[in-house]
Amino acid sequence: MPLVCGAAEWSAEPSVKVRREYNDNIRLTIHPHNSVNGSVITPSLDFGVSAPIWRISGGAEATQRRYSGEGDLDRDDNLARLSSVYKTERQTWALDANRTRDSVLSDEATSSDTGVIQVQKKRESSSVKPVWTWMFSERTQMQLAYQLNNVSYENAQSAGLYDYSYRAATATFANQLSELNQVFVTAGYSAYHVPATGFDSNSRNFQAGITRTFSETTRGTLQAGRRKTESLTQGGKPVYTRFSTMLGDFLVQTGVTQDARSQTTSSVFSGNLESKFENTRLNMSFNRALDPSGSGGQVEQDTFKFDLNRQLTARASVNATANVRKVRATEGNISSDERTYYDLGPSVYWQWTREWTVGANYRYARVKRVYEDRAAASRTTYLALTYRPLKMSISR
């Protein structure tokens, strides 16, 4: 990617966020437990450089978490990300990469690992995703994308979490039928591998969809199709089942795997509706997909997300979110990992000054695991203070 092409603008935006939180069941357990008070501090830096036909941006943040009375929950997280875009008259080249160190137990962004265990386990993940887009004409385009993920866990096999790698490639062909409607078809291939158990799974999928602009403020996308998955299980590996006790959940070996090949098919679909008004933004989405996980195999997930933001005044805003996630374990050597998870809650933000923002948030989370006779719930309250000085930028 060329770094000289006319004037370039360089920018940097640092920030520091300090948060105090209370959680009455941070482990999401059905057994007796303690409430915790936590202090979280997150310094971060966003940076970028851009020119008329290219852009490079990135960021880094480090988070320190300390909890009273629960020393084993203390941890230091970090995140680094980098993205770039280069455009010509008909082509666009993009690259996204990131590396994250966090925890499975209290990951704030829900994932295929959310709610699976009740102990603290550190997780490291990295991903790289290049994308190439070619415009055949003003109405027709093709996009090729590749994604590589590597995820590892620290001393987590005893809890039923396995390192894995995941590769996916997609090809999308889209046509703008009219000013309001775009149709597209997508073909994809993915490969999932668990080194510790020798488990491999390959999937092929095909979907067709449409994007509809209903008005100047509302836009929606709907797509659906089928997937076919072929899995290879290596014999002689232990099979575990989760059980719940007063001391937490435990894995008990209930058999061994046999050399076997299996094949499954299922529907895949997703939809999104986005509305933007003068002071309000609404986004709703749903999805069914086969996703990689740390449970020794991929999981089929049905998800629903809701996000509503309202700007009350020039300085005050409110937000309401909801996430629902139903997880079915269809592969691997860990049985009884099925669960239903949801969280919801409001938040309010007030921009005290140009640099300082105060925020308060409440979140209710609930998970029902198939091997437990009742659901676990938690209630979390946050109070946060963010300092974000004016963005620094120069052109040269």
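Refer to the structure printed above.
Note that residues are indexed from 1 along each chain, following the sequence as it is written. Under the rules for a predicted model, residues below a pLDDT of 70 receive no local features and side-chain atom pairs below 80 are neither given nor counted, while totals for whole chains, interfaces and linings still include all residues. Computation of side-chain values covers all heavy atoms of the structure but excludes hydrogens and water.

In this analysis, a patch consists of residues with relative accessible area above 30% that form no salt bridge, clustered at 9 Å for like charges and at 5 Å for the nonpolar side chains Val, Leu, Ile, Met, Phe, Trp and Tyr. Every accessible area reported is derived by Shrake-Rupley at a probe size of 1.4 Å, with residue values counting cover from the shown protein chains alone. Salt bridge, as used here, is a side-chain nitrogen of Lys or Arg placed within 4 Å of a carboxyl oxygen of Asp or Glu. A cluster of nonpolar side chains, namely Val16, Val18, Ile41, Trp350, Trp352, Trp356, Leu385 and Tyr387, defines an oily patch on the protein surface of about 670 Å² accessible area. Think of it this way: any DSSP run of H or I at least four residues long counts as a helix, any run of E at least two long counts as a strand, and we number them from the N terminus. The set of elements that each furnish at least two residues to the nonpolar patch consists of strand E1 (9-23) and strand E21 (376-387). Secondary-structure assignment places Leu385 in strand E21.

Scanning all chains against the criterion turns up 18 salt bridges. Close ionic contact of Arg19 with Glu21 constitutes a salt bridge, the shortest N to O distance being 2.8 Å. Exposed residues in this analysis have more than 50% of their type's maximum accessible area, buried residues have under 20%, and partly exposed residues fall in between, with area computed by a 1.4 Å probe over protein chains only. Of the residues examined, Glu21 reaches a relative accessible area of 4% and is grouped as buried. Here Arg374 and Asp373 are joined by a salt bridge, their closest N and O atoms 3.4 Å apart. Put simply, Arg227, Arg288, Glu300, Asp302 and Arg328 are held in one network by salt bridges that share partners.

Here is a general trend for soluble globular proteins: nonpolar side chains tend to be buried in one another's company. We define a nonpolar core as any set of buried Ala, Val, Leu, Ile, Met, Phe, Trp, Tyr and Cys residues linked to one another through side-chain atoms lying within 4.5 Å. Counting residues in hydrophobic clusters, the biggest one holds 18 residues, and the most contacted among them are Val104, Ile117, Tyr153, Leu161, Tyr164, Tyr192 and Val194. Of the residues forming this core, the biggest block, three residues, is contributed by strand E8 (residues 164-176). Whether two residues touch is decided by their heavy atoms; if any such pair falls within 4.5 Å, the residues are in contact. Those residues in contact with Val194 that sit more than four places away from it in its chain are Tyr162, Asp163, Tyr164, Phe199 and Gly296. Formed by six residues, the second largest nonpolar core is a distinct cluster that contains Leu28, Tyr341, Val367 and Ala376.

Glancing now at unusual backbone geometry. Phi at Leu28 takes a positive value of approximately 50°, unusual for a residue other than glycine. Residue placement: Leu28 occurs in the loop between E1 and strand E2 (36-51). Residue Leu28 is classed as buried on the basis of its relative accessible area of 10%.

Functional significance is not addressed by these values, which are geometric in nature.
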